[in-house]
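A closer look at the structure
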Amino acid sequence: MSAVIDSHGTSHGHDDHHDHGAPAGLMRWVTTTNHKDIGSMYLWFSFVMFLVGGVMALTIRAELFQPGLQIVRPEFFNTMTTYHGLIMVFGAIMPAFVGFANYLIPLMIGAPDMAFPRMNNWSFWLLPPAAILLIGSFFAPGGAAGVGWTMYAPLTSQMGPGMDLTIFAVHILGMSSIMGSINIVTTILNMRCPGMTLMKMPMFVWTWLITAYLLIATMPVLAGAVTMTLTDRHFGTSFFNAAGGGDPVLYQHIFWFFGHPEVYIIAIPAFGVVSQVIPAFSRKPLFGYASMVYATSSIAILSFIVWAHHMYTVGMPVAGQLYYMYATMLIAVPTGVKVFNWVATMWKGSLSFETPMLFALGFLFLFTLGGFTGLVLSMTPVDVQLHDTYYVVAHFHYVMVAGALFSAFAGVYYWLPKWTGRMYDETLGKWHFWLSIIFFNVTFFVQHFLGLAGMPRRIPDYHTQFTEFNVISSIGAFGFGLSQLLFLYIVLKALRSGEKAADKQWDGADTLEWTHLPTPMPYHTFENPPTIK
Amino acid sequence: MTSLPADDRLLSSANRTVLRKLAVMAVVMFGFGFALVPFYEKICQVAGIRNVFQPDRLVNENTQVDLTRKVSIEFDSNTQRLAWSFKPLENHLEVHPGELTQVVYEIRNNLNRRVIGQAVPSYGPSNAAEHFKKLECFCFQQQTFEAGETRRMPVTFLIDPALPASVNTITLSYTFFEVAGTQATVAAGKGS
Ligand SMILES: [Cu+2]
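Residues numbered from 1 in each chain as written. Chains lettered and ligands numbered in written order. Predicted model: local features only at pLDDT ≥ 70, side-chain atom pairs only at ≥ 80, totals over all residues. Heavy atoms only, no water.

**Some points on the confidence of the model for chain B**
Residues and elements named next belong to chain B. Considering every residue of chain B, the mean pLDDT works out to 82; 85% of them sit at 70 or more. The least confident element of chain B is helix α2 (residues 183-190), whose mean pLDDT is 38; the most confident is strand β4 (residues 101-109), at 92. For residues 1-5, every residue scores under 50 in pLDDT, and the model assigns this stretch 19 contacts once sequence neighbours within four places are set aside. Under a pLDDT of 50 for its full length, residues 182-192 has, in the predicted model, 20 contacts with residues more than four places off or in other chains. ipTM for the predicted complex: 0.88, alongside a pTM of 0.86. (pLDDT = per-residue confidence, 0-100. Helix = DSSP H or I, 4+ residues; strand = E, 2+ residues; numbered from the N terminus. Contact = heavy atoms within 4.5 Å.)

**Digging into the sheet that holds strand β8 (residues 150-159) of chain B**
Residue and element names in this part refer to chain B. A sheet is described by the order of its strands in space; here four strands give the open sequence β2-β4-β8-β6, paired in antiparallel fashion. Among the strands making up the open sheet, the edge pair consists of β2 (84-88) and β6 (132-136). Sheet twist, expressed as the average angle between the axes of neighbouring strands with direction ignored, equals 30°. Bridge count for β4 against β8 is eight bridges, and the pairing is antiparallel. When the sheet's bridge partners are listed, Thr101 is paired in β8 with Phe157. (Pairing = 2+ DSSP bridges. Axes fitted to C-alpha atoms, helices over the stretch in contact; angles between N-to-C directions.)

**Regarding the coordination of the copper ion**
Residue and element names in this part refer to chain A. Distances from the copper ion to its protein donors, namely His260 (ND1), His309 (NE2) and His310 (NE2), fall within the range 1.7 to 2.0 Å. Of note, the donors binding the copper ion are all from one chain and are spaced H-x48-H-H. Taken together, the residues span a long stretch of sequence, with His260 in helix α8 (residues 248-282) and His310 in the loop between α9 (289-302) and α10 (318-330) at a distance of 50 residues. The buried category is assigned to His260, whose relative accessible area is 5%. Judged by relative accessible area, which is 22%, His310 ranks as partly exposed. (Donors = N, O, S within 2.8 Å, 3.2 Å for Na, K, Ca; no water. Buried < 20%, exposed > 50% of the residue type's maximum accessible area, 1.4 Å probe, protein only.)

**Thoughts on the environment of Gly479 of chain A**
All names here are of chain A. Here Gly479 shows up in helix α16 (residues 467-497). We classify Gly479 as buried; its relative accessible area is 13%. Separated by 337 residues in the primary sequence, Gly479 and Gly142 have C-alpha atoms spaced 33 Å apart.

**Concerning the confidence of the model for chain A**
Residue and element names in this part refer to chain A. For chain A, per-residue confidence averages 92 on the pLDDT scale, and residues scoring 70 or more make up 96% of the total. Within chain A, no element has a lower average pLDDT than strand β1 (residues 5-6), which sits at 41, and none a higher one than helix α15 (residues 426-452), at 97. Note that residues 1-19 has pLDDT below 50 and, in this model, 41 contacts with residues that lie over four places away or in other chains.

**Comments concerning the packing of α8 of chain A against helix α12 (residues 355-378) of chain A**
All names here are of chain A. The contact between α8 and α12 brings their axes to 9 Å, and the two run at 130°. Taken as axis vectors, α8 and α12 run oblique relative to one another. In terms of crossing hand, the pair formed by α8 and α12 is left-handed. The segment α8 lies against α12, with Ala267, Ala270, Phe271, Val274, Val277, Ile278, Phe281 and Ser282 engaging Pro356, Met357, Ala360, Phe363, Leu364 and Phe367. (Parallel < 35°, antiparallel > 145°, perpendicular 65-115°, else oblique. Left-handed = near helix turned anticlockwise from the far one by under 90°.)

**Observations regarding the domain arrangement of chain B**
The domain boundaries assigned to chain B delineate domain 1 (1-49) and domain 2 (71-180). Of note, the centres of domain 1 of chain B and domain 2 of chain B, computed from C-alpha atoms alone, are 44 Å apart. (Domains from an automatic or database assignment.)

**Here's the deal with the side chain of Asn341 of chain A**
All names here are of chain A. Structurally, Asn341 can be placed in helix α11 (residues 332-346). Polar contacts involving the side chain of Asn341 include one to the side chain of Ser291, which spans 2.9 Å. Ignoring any residue separated from it by four or fewer positions in sequence, one finds Asn341 in contact with Phe287, Gly288, Ser291 and Met292. (Polar contact = N/O pair within 3.5 Å; in protein donor to acceptor, adjacent residues only side chain to side chain.)

**Considerations on the state of the cysteines**
Should the sulfur atoms of two cysteines be covalently bonded, the bond is a disulfide. Residue and element names in this part refer to chain B. Across all of its chains, the model carries one disulfide over all chains by this definition. The disulfide partner of Cys137 is Cys139, and the S-S distance across this bridge is 2.3 Å. Between Cys137 and Cys139 the sulfur-sulfur dihedral comes to about 130°; the bridge is accordingly right-handed. With respect to class, Cys137 is no different from Cys139; both count as buried. Distance from the sulfur of Cys44, which forms no disulfide, to the nearest cysteine sulfur (Cys139) is 17 Å. (Disulfide = S-S within 2.5 Å.)

**Let's talk about the interface of chain A and chain B**
Between chain A and chain B, the residue contacts involve 45 residues of the former and 36 residues of the latter. Buried area between chain A and chain B, both sides added, is near 3,200 Å², and the carbon and sulfur share of it is 70%. Applying the counting rule to chain A against chain B returns zero salt bridges. Between the two partners, chain A and chain B, sit three residue pairs in polar contact (both at pLDDT 80 or more). Contributions of two or more residues to the side of chain A that touches chain B are made by α6 (161-190), α7 (203-234) and α8 of chain A. Residue composition of the side of chain A that touches chain B, grouped by class: 27 nonpolar, 14 polar and four charged. (Buried area = accessible area lost by both parts, 1.4 Å probe. Salt bridge = Lys/Arg side-chain N within 4 Å of Asp/Glu carboxyl O. Nonpolar A, V, L, I, M, F, W, Y, C, P; charged D, E, K, R; others polar.)

**A look at the nonpolar core**
Counting residues in hydrophobic clusters, the biggest one holds 191 residues, and the most contacted among them are Phe90, Phe100, Trp208 and Trp342 of chain A. By residue number, the principal contributor to this core is helix α3 (residues 74-109) of chain A, which donates 21 residues. Apart from residues lying up to four places away in sequence, Phe100 of chain A is in contact with Leu43, Ile105, Phe204, Ala408, Gly411, Val412, Trp415 and Trp419 of chain A. One finds Trp84, Val103, Phe138 and Ile170 of chain B within the second-largest nonpolar core, a separate group that totals 31 residues. (Core = buried A, V, L, I, M, F, W, Y, C linked by side-chain atoms within 4.5 Å.)

**Considerations on the packing of aromatic side chains**
Applying the stated criterion to the full structure yields 68 aromatic pairs over all chains. When the ring of Phe47 of chain A is compared with that of Phe50 of chain A, the centres are 6.1 Å apart and the planes differ by 45°; the resulting orientation is tilted. Placement of the pair is Phe47 of chain A and Phe50 of chain A together in helix α2 (residues 35-63), with a separation of three residues, close to one helical turn. The two residues Phe47 of chain A and Phe50 of chain A agree in class, both being buried. Here Phe138 of chain B and Phe176 of chain B contribute two aromatic rings whose centre-to-centre distance is 5.8 Å and whose plane-to-plane angle is 15°, an arrangement assigned as stacked. In this pair, Phe138 of chain B sits in the loop between β6 and β7 (143-145) while Phe176 of chain B sits in strand β9 (residues 169-178), placing the two residues 38 residues apart along the sequence. Here Phe138 of chain B and Phe176 of chain B have matching classes, each one buried. (Phe/Tyr/Trp six-rings, centres within 6.5 Å; stacked < 30°, edge-to-face > 60°.)

**Structural notes on the pattern of salt bridges**
Any two side chains of opposite charge can pair, on the condition that their charged atoms come close. Residues and elements named next belong to chain B. Taken as a whole, this structure holds ten salt bridges over all chains when the rule is applied. The partner of Arg114 in a salt bridge is Glu146, with the nearest N and O atoms 3.3 Å apart. One end of the pair, Arg114, is in the loop between β4 and β5 (115-124); the other, Glu146, is in the loop between β7 and β8, and 32 residues separate them in sequence. Residue Arg114 is classed as exposed on the basis of its relative accessible area, which comes to 54%.

**Let's talk about the pairing of β5 of chain B**
Residue and element names in this part refer to chain B. Of all the ten residues making up β5, seven are buried; the element is thus mostly covered by neighbouring parts of the structure. The pairing of β5 with β9 spans eight bridges and is antiparallel. Its bridge partner lying in β9, Ser122 is registered against Ser173.

**Describing unusual backbone geometry**
Residue Pro520 of chain A is reached from Thr519 of chain A by a cis peptide bond, and omega for that bond is -5°. Cis geometry is found at the peptide bond from Gly124 of chain B to Pro125 of chain B, where omega equals -5°. Locating Pro125 of chain B in the fold gives a position in the loop between β5 and β6. At Arg458 of chain A, a position not held by glycine, the phi torsion is positive, near 65°. Summarising the element assignment, Arg458 of chain A is placed in the loop between α15 and α16. The partly exposed category is assigned to Arg458 of chain A, whose relative accessible area is 25%.

Have a look at this one:
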């Protein structure tokens, strides 16, 4: 953000006479409408879900450590792949970025809170019941649904009551996302402080404005898809039931109409965090701000017209395959613009490599690699060969873990001093980064080779020729999982005994929360909006 | 809207306006998901991908019978949540590609009420589907059966001689389901 900031009327003490602090006790968290409280709850919730989904991932990797069946039954293995995906996508990554949005958007645009604080409270408190339904489905008769996170028909019509619980969970999660998104769009459109024009907003705010629109446009489509699944299961309809005149391939079309934009719903806020962190540690404004805005918008728009690249093998006409191939490849253009802009931001900057910057750079390298394998998979003839192999698994973990998750880590380390008023341990933070990036690559890089060699995904057993790479991948996975406990320790240590952080802990930071607010922040901020020239 | 409206009431009414617009957008997109169902049927019909309820047109009217080759056809019949007896009179036939063949199914409504049923064909292996030409089939219409009624109904077909040499056996499978309660999707299918 390159706006010149006017400090009159917003001195640090100004907000103090409004600051009556937070009410005490458990009810504070249940009833809170404060965007900072809700942001914190989102972040803690997503971390808990991250651990739950992580345990499922490790169950998968433990079973795949050796060929043959050792630890779990195949049906249970299927439920692990299913709920690992669902929980990580809907329970961990998405709520993490919604947490960032809640905490940071009002601060970055100089607003006192979100537009609809009560609805904000609802958005969050819908999540725990959804999580309980998801995890509760394991205790339903017949167990949880082993259908894959994509919940394809006709498998979904053959599952027990665990499937229904999962469908309701998806409904609730969708409702929460839509409410949260409505709140974010309204806040950004209506509550910017004087002088904060759209094109002066920090990039993170821009990315969330675009993401929120994507969510409002696609979550209802997913809700529709699972509703049709539900009526097929219980009310005699045949949307996806071939024996009743329906078509299971139709489900895939509806699902991926949501599913592909969903990829960007996760990735775009990650772009936003990185677009704040890289300039701060390069001590230069973001290169090509306007082109970043346009690139992000075009990625969002293009994401609606490429969905069937997930379905090259369903038997669509060649013309369809060609169209989806070229349209998908087109997305590489705006994505490339973004990557070059980040690199150009660092060009001739006075760089320093604290933990947030390390994670942002890890994001930059590995997300780009994941983007390239995505480009490989966009080619129909190649995809027909690699469809549903570990190459695909490797590809989307590069963009989801090394992309979105690393960006979230960068964001937590970057804003933790502001949020808590205390610094994290820089040495331990660097340890966390290096352990994460090394173990991440140990886990997932070899999966490219497994996929190229033809190992199918979502199968608990494999041919002995795949053993070595699977051993390596499993060792990496356990290393990666344990490294995340270090992250928890770092955060708790910072909360308990971290050094006091400065008002502007990072000298390159230029957004309002750093330039206009004291550290630690008062409970209420910007009740009198700052003015930006 | 670059600045905060001075009056809080003004702001909250501006917020409500945005809320309403976005909520409408969400509701419309929920409907859009369902609109994809007929849209998909239409696309498939136009592209000729899924014309399960239509007689096949023969590209070449006087197809040569390929006497050098025999294909074994197996007939399978199922019902979907429907108490009907549904059986082919012969389970298995050997035919030459290009040879016009008829097979008869016997269908009995075991329920003591009138039922409207619809049969859906499917083929195994799937790459045989486009070479299995049905000229007459009870699956082209909905079938109304009175309580306890029994009827024999034919399927007339021929196998396109372009059938890949690797396919020696084709399974034709029918599933009958009751139309009531599924009117919407079947109607969409029937429209084709
Ligand atoms: Cu996609």
